[in-house]
Amino acid sequence: MHYDEIVAASDKVADANGWRPLHTPKNLTMALSVEVAELARLLQWRDDRGIEDLMESPQAGAVAAELADIQMYLCKLCTSLGVDLERALRDKVAANRVRFLPPASIPE
């Protein structure tokens, strides 16, 4: 799904349930942190092999669902704050290139 489709789908559910007034930056940030914690709970105490096994099991869908929740809340938070996430990502990738790559590997 494209960013705008994610936000529209989330807004449709929020509007149908009267939740839109609750979608403040603070509440969206808290909801995002809860979803990240739910993902962490699924991965907690597993080593790399254990995570590989998890992702080959029926529980892999739970991991995917938590990642989707994270993406939805992140998109809603960006919209709420007026942040252009695509621009922010491009800017961050460019800054990381300068910060972490040797100068000879950075394209002119």
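Scroll up for the structure.
Residues numbered from 1 in each chain as written. Predicted model: local features only at pLDDT ≥ 70, side-chain atom pairs only at ≥ 80, totals over all residues. Heavy atoms only, no water.

Undergrad: I'm lost on the overall build of the chain in this one. Help?
TA: The secondary structure content of the chain amounts to five helices and zero strands. N-terminal to C-terminal, the α/β element order of the chain is α-α-α-α-α. Against the compact-globule benchmark of 13 Å for 108 residues, the chain has a radius of gyration of 18 Å, which places it well outside the compact range. Its C-alpha atoms put the chain at 55 × 40 × 25 Å along the principal axes. The buried share of the chain, reckoned over its 108 residues, is 22%. Residue pairs in contact within the chain that sit at least 24 positions apart in sequence constitute 66% of those at least 6 positions apart. For the chain, the computed accessible surface area is about 7,800 Å², with 61% contributed by carbon and sulfur atoms. The distance from the centre of the 12 positive side-chain charges to the centre of the 17 negative ones in the chain is 6 Å. (Helix = DSSP H or I, 4+ residues; strand = E, 2+ residues; numbered from the N terminus. Rg over C-alpha atoms; globule rule 2.2 N^0.38 Å. Buried < 20%, exposed > 50% of the residue type's maximum accessible area, 1.4 Å probe, protein only. Contact = heavy atoms within 4.5 Å. Areas by Shrake-Rupley, 256 points an atom, 1.4 Å probe, with all protein chains shown as cover. Lys, Arg positive; Asp, Glu negative; His and termini not counted. Charge placed at Lys NZ, Arg CZ, Asp CG, Glu CD.)

Undergrad: What is the right way to look at the side chain of E35 in this model?
TA: Along the chain, E35 turns up in helix α2 (residues 25-43). Although buried, E35 forms no salt bridge, and the nearest oppositely charged side chain, R41, lies 8.2 Å from it. Once residues lying within four places of it in the same chain are set aside, the contact partners of E35 are E66, D69, I70 and Y73. (Salt bridge = Lys/Arg side-chain N within 4 Å of Asp/Glu carboxyl O.)

Undergrad: Can you walk me through unusual backbone geometry in this structure?
TA: Most peptide bonds take the trans form, and the phi angle of most residues other than glycine is negative. Its identity as a non-glycine residue notwithstanding, W45 has a phi of 70°, on the positive side. Relative to the helices and strands, W45 resides in the loop between α2 and α3 (48-55). Residue W45 is classed as exposed on the basis of its relative accessible area of 79%.

Undergrad: Looking at this model, I keep getting lost on the nonpolar core. Mind explaining?
TA: The nonpolar side chains of soluble globular proteins are, as a tendency, buried together. L28, L32, L39, L42, L54, V63, I70 and L77 form the largest nonpolar core, which has eight residues in total. When residues in this core are grouped by element, the largest group, four residues, is from α2. Those residues in contact with L32 that lie beyond four places of it in its chain are I70, Y73, L74 and L77. By size, the runner-up hydrophobic cluster in this structure holds six residues, among which are Y3, I6, C75 and L85. (Core = buried A, V, L, I, M, F, W, Y, C linked by side-chain atoms within 4.5 Å.)

Undergrad: Can you walk me through helix α1 (residues 3-17) in this structure?
TA: Each full turn of the α-helix corresponds to 3.6 residues, which orients residues three or four apart in the same direction. Between the first and last C-alpha of α1 there are 22 Å, a value that for 15 residues agrees with the 21 Å anticipated at 1.5 Å per step. For α1, the full list of buried residues reads Y3, I6, V7, S10, D11 and A14. The arc that holds every buried residue of α1, seen down its axis, measures 125°, which confines them to one face. Those residues of α1 that are exposed and angled more than 90 degrees off the buried face are D4, K12 and A16. (Expected span 1.5 Å × (residues − 1). Arc of directions from axis to C-beta.)

Undergrad: Can you walk me through a nonpolar patch on the surface in this structure?
TA: Together, V13, W19 and L22 give the surface a local cluster of nonpolar side chains, amounting to about 290 Å² of exposed area. With respect to the element layout, V13 can be found in helix α1. For V13, a relative accessible area of 43% corresponds to the partly exposed category. (Patch = residues over 30% accessible without salt bridge, like charges linked within 9 Å, V, L, I, M, F, W, Y side chains within 5 Å.)

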